[in-house]
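One-letter residues, chain by chain:
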Amino acid sequence: MELAKITSKGQITLPISIRRVLNLKDGDKVAFIEKDGNYIVVNPVSLAIDEVRKAFNGEAKRLNLEAEEDVAEMIKEIRKERK
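All of the points below concern the structure found in this document. Keep in mind the model is a prediction, meaning the values are calculated, not measured.

## Details of the pattern of salt bridges
Then step 1. The full count for this structure, using the stated rule, is 4 salt bridges.
Then step 2. Between Asp50 and Arg53 there is a salt bridge; the shortest N-O distance is 3.0 Å. One end of the pair is Asp50 and the other is Arg53, both in helix α2 (residues 44-56) and 3 residues apart, which spans about a single turn.
Then step 3. A relative accessible area of 34% means that Asp50 is categorised as partly exposed.
Then step 4. Across the pair Glu59 and Arg62 runs a salt bridge, and its minimum N-O distance is 2.7 Å. Of this pair, Glu59 and Arg62 both sit in helix α3 (residues 59-62), 3 residues apart, roughly one helical turn.
Then step 5. For Arg62, a relative accessible area of 55% translates into the label exposed.

What follows is the structure, encoded as structure tokens:
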């Protein structure tokens, strides 16, 4: 468990171990997510990537894309259609 002190302005310093785990650098933002009455600090970039991953879950199978070459071929076909 890590602790952080809240300043009079409501600011906290995240411990270095937490920043490392979340891969946070100077100027990055964090998101606070409520889950079962507790708040979780997350890296919003990672959160966005997870949401995109969930949205695309199963799409490769649905489109019969088994390898990177299949994806490249699909992109070529789409580009031909748009010309």
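## A short note on the environment of Glu69
Then step 1. Position of Glu69 among the secondary structure elements: in helix α4 (residues 68-82).
Then step 2. Separated by 38 residues in sequence, Glu69 and Ala31 place their C-alpha atoms 37 Å apart.

## What to know about the pairing of strand β1 (residues 31-35)
Then step 1. Looking at chain direction, β1 and strand β2 (residues 38-42) are connected through 5 bridges and run antiparallel. Looking at β2, one finds that Lys35 is bridged to Asn38.
Then step 2. The turn linking β1 back onto β2 is made up of 2 residues, and Asp36 within it adopts a positive phi angle of 55°.

Cut-off values and rules
- Per chain, residue numbering runs from 1 following the sequence as it is written.
- Reporting in this predicted model follows two pLDDT cut-offs: at least 70 for local features of residues, and 80 or more for side-chain atom pairs to be given and counted; totals over whole chains, interfaces and linings ignore these cut-offs and use all residues.
- Side-chain numbers come from the whole structure's heavy atoms, not from hydrogens or water.
- Any carboxyl oxygen of Asp or Glu that lies within 4 Å of a side-chain nitrogen of Lys or Arg is treated as forming a salt bridge with it.
- Each helix is a run of H or I in the DSSP string that is no shorter than four residues. Each strand is a run of E no shorter than two, and both are numbered from the N terminus.
- When a residue's accessible area, from a 1.4 Å probe over protein chains only, is under 20% of the maximum for its type it is buried; when over 50% it is exposed; and in between it is partly exposed.
- Any two strands are treated as partners once DSSP identifies two or more bridges connecting them.

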